[in-house]
Structure formats: C-alpha cells, structure tokens
Amino acid sequence: MTDALLCVLVTPSAAGLAWRGALVERASQLGWSITDLAGGTEALVTDGLVFANDHLSMQAFPPSTRAVLVDTTATDPVDPSVPATLETVMLRSQVLVQAEIAATHGAAVLNAARYTLNFPGLGLVERRDGAPYRIHPSVSESPLALFDDRAPGTFANWSPRWFVYGGGYDGSDDEPQIDMTGRMRPMVHGPYIHLPPGRWRVNLNFTVDPEKAHAPLLFEWGSGVEFCRIMTEIRHRGAYSVSLDRVWTQPEPVQLRIWPAHPVFQGKFGFLGCRVTRVAVDDPAPLTPTDRIVDAAVV
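Residues numbered from 1 in each chain as written. Predicted model: local features only at pLDDT ≥ 70, side-chain atom pairs only at ≥ 80, totals over all residues. Heavy atoms only, no water.

Regarding unusual backbone geometry
Right, on to step 1. For the peptide bond that leads from Gly190 to Pro191, omega is 0 degrees, which places it in the cis range.
Right, on to step 2. Position of Pro191 among the secondary structure elements: in strand E11 (residues 191–195).
Right, on to step 3. For Tyr192, which is not glycine, the phi dihedral falls at a positive 65 degrees.
Right, on to step 4. Assignment of secondary structure puts Tyr192 in strand E11.
Right, on to step 5. A residue is classified by how much of its surface remains accessible, and Tyr192, at 25% relative accessible area, is partly exposed. (Helix = DSSP H or I, 4+ residues; strand = E, 2+ residues; numbered from the N terminus. Buried < 20%, exposed > 50% of the residue type's maximum accessible area, 1.4 Å probe, protein only.)

What follows is the structure in structure tokens.
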C-alpha cells in the first residue's frame with residue numbers, strides 16, 4: 001500500500017463543491033490518480049485521491065487514510081447565499097450520518113466551512129471559491145446543527161418551514177396556522193431528516209385555540225411504521241409543549257407527526273417548531289412508550 005492515498009467523503013454543499021475542486025487540484029500537482037468509487041470498485045484502488053459515497057466504501061481503506069468533510073449549513077449546494085430546499089437538507093443529512101459513522105471508525109473529521117485544512121497524505125490544502133462563505137439569514141439556525149458534535153446535549157432547532165402540511169395552512173412559513181376541522185389526519189409531518197443510531201428527544205411547541213370546544217391531539221416521533229406516541233386534550237386557548245424520547249438502532253429518516261386524535265368540527269392549531277437533542281443512552285429520564293395520555297405543559 002503506497003503512502004499516496006486519501007479516501008474522502010464530501011458532504012454535498014457549496015463548500016464541499018469548492019473543496020472537491022481544491023483537492024483535485026492538489027492531488028494533480030502531486031501526480032496522484034483521482035478516482036470516484038462506484039459499484040464495488042474500491043477493491044481495485046490502491047493509491048491516489050479517492051472520493052467515497054458512504055462509510056461502507058471507505059472501509060476498504062486504512063483508517064489513517066480516511067477523511068470526511070462535514071458541512072451542516074442549510075444553504076444551496078451551489079450558492080450559499082440561497083437557502084436550501086427540504087430535499088437538499090434531507091440528502092445532506094444522509095451523507096452527514098455516513099460521515100458520523102465513518103468518524104467513529106477512525107476517519108479524520110474536517111470542517112468544510114474553513115478555508116485551509118490539513119488532509120492525511122495531502123497535507124495543507126486551501127480552497128479558493130472567490131467569495132466569503134455566507135449563510136443565508138433565513139437558515140442561520142440549521143436543522144443539521146445536531147451533527148456539529150456527537151456529545152449528548154447537542155441539539156438543533158427545526159423550524160416549521162422544514163415540515164410538510166398536507167392540508168395547507170394560513171399564516172407564514174415560520175408560524176403556520178392550521179384549521180383542525182375535519183377527519184383524523186396528519187396535520188404536520190416530516191421533516192425526514194436522517195439521524196444516526198442513538199437516543200433522540202424532540203421537544204415541540206405549539207398553540208391551540210379549541211374555539212369553545214376541545215382539541216384532542218396525537219403526537220408521534222419515529223420512522224417507518226415504528227413510533228412512540230402520546231395523546232393530550234386541550235380545552236383552553238394558549239401555548240403548550242410536549243416532549244417525546246426514542247432510541248434509534250439504525251440510521252433512518254425521522255418523522256414528527258401531529259394529528260387530531262379523532263374528527264373535530266373546529267379549532268386552530270399553530271405549529272412553532274421543535275428542538276431535537278442527542279440524549280445519552282443511560283439518561284435516567286424514561287423513554288416515551290408506544291401510547292400514553294399526558295397533559296401538555298402550558299408555556
């Protein structure tokens with residue numbers, strides 16, 4: 001195995017695009033070959049600069065030759081002055097999960113927002129993309145910030161703008177108001193951001209105006225068909241919060257779903273977003289069971 005080897009996993013982003021160009025330029029200066037892995041070709045590569053697609057393909061290379069470039073911003077993959085779409089955030093979260101897993105197996109973790117980085121084998125490399133690395137003000141609080149640190153307590157605030165509203169809403173993207181009238185259905189769901197294995201807690205805030213009736217609400221936190229859930233009934237207009245706590249055993253796109261627990265004839269629901277937090281596996285707080293009836297906390 002030659003010393004001229006570096007396997008890199010790059011988070012798809014404006015900074016990642018600039019870093020890819022800088023790495024290719026540096027490797028070319030040193031006379032290295034450049035390879036993009038695809039379809040099991042990693043077994044054939046023994047030297048040069050290698051771009052990986054996931055943690056699994058990186059495992060064919062020694063840990064000392066692996067590096068991951070992490071970008072947790074929520075900006076467009078080409079122009080960082082433009083906010084990312086939900087689809088872009090979802091894709092970036094998939095790669096960030098792979099990068100986190102790779103880091104636990106020895107890969108060097110490098111912050112793509114920097115302009116000079118020290119890469120195994122290549123040494124110091126500078127990216128020059130011609131403009132300051134900007135974060136669009138509407139996404140300065142990125143939903144991917146929970147990937148900035150793997151320690152318990154790391155969190156990200158997920159704005160209402162990253163969720164899906166099947167029946168539409170009034171108000172703004174940041175403070176949607178939903179008419180609860182109608183059948184039982186998910187009023188809010190998403191954002192399908194991928195999270196790595198571990199224990200994750202969601203604390204969500206909302207407002208309710210039951211309009212002189214009552215608002216039976218069901219909150220679910222999970223993925224696929226596996227959710228923990230709690231139910232509550234709101235009888236007074238005001239601001240409320242609930243919390244759900246669940247363990248994921250494998251990387252999955254997660255969902256927070258909010259339903260009327262049964263058909264209702266009136267009522268307004270305002271979603272104020274949520275905070276998602278890494279929780280230590282041995283945290284003494286109980287996990288949220290599959291079904292539980294609780295009183296929502298008054299904010």
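Topic: the environment of Asp283
Right, on to step 1. If you trace the backbone, Asp283 turns up in the loop between strand E17 (268–279) and strand E18 (297–298).
Right, on to step 2. A relative accessible area of 25% means that Asp283 is categorised as partly exposed.
Right, on to step 3. When the C-alpha atoms of Asp283 and Pro152 are compared, they prove to be 9.5 Å apart, with 131 residues separating the residues in sequence.
Right, on to step 4. With residues up to four places along the chain from it excluded, the contact list for Asp283 reads Arg199 and Arg201.
Right, on to step 5. One polar contact links Asp283 to Arg201, side chain to side chain, over a distance of 3.5 Å. (Contact = heavy atoms within 4.5 Å. Polar contact = N/O pair within 3.5 Å; in protein donor to acceptor, adjacent residues only side chain to side chain.)

So, the environment of Glu175
Right, on to step 1. Turning to its location among the elements, Glu175 is positioned in the loop between strand E9 (170–171) and strand E10 (176–179).
Right, on to step 2. Glu175 sits 89 residues away from Val264 along the chain, and the two C-alpha atoms are 22 Å apart.
Right, on to step 3. Dropping the residues within four chain positions of it, Glu175 is found in contact with Asp170 and Phe271.

With respect to helix H1 (residues 14–29)
The periodicity of an α-helix, 3.6 residues per turn, causes residues three or four positions apart to be oriented the same way.
Right, on to step 1. Between its terminal C-alpha atoms H1 stretches 23 Å, which fits the 22 Å expected from 16 residues at 1.5 Å a residue.
Right, on to step 2. For H1, the set of buried residues is Ala14, Ala15, Gly16, Ala18, Trp19, Ala22, Leu23 and Ala27.
Right, on to step 3. Residues of H1 that are buried in the fold lie against strand E1 (5–10), strand E2 (34–36), strand E3 (48–52), strand E4 (66–70), strand E6 (116–119) and strand E7 (123–126).
Right, on to step 4. Trailing H1 by a residue or two, Gly31 shows a phi angle of about 80 degrees, which is positive. (Expected span 1.5 Å × (residues − 1).)

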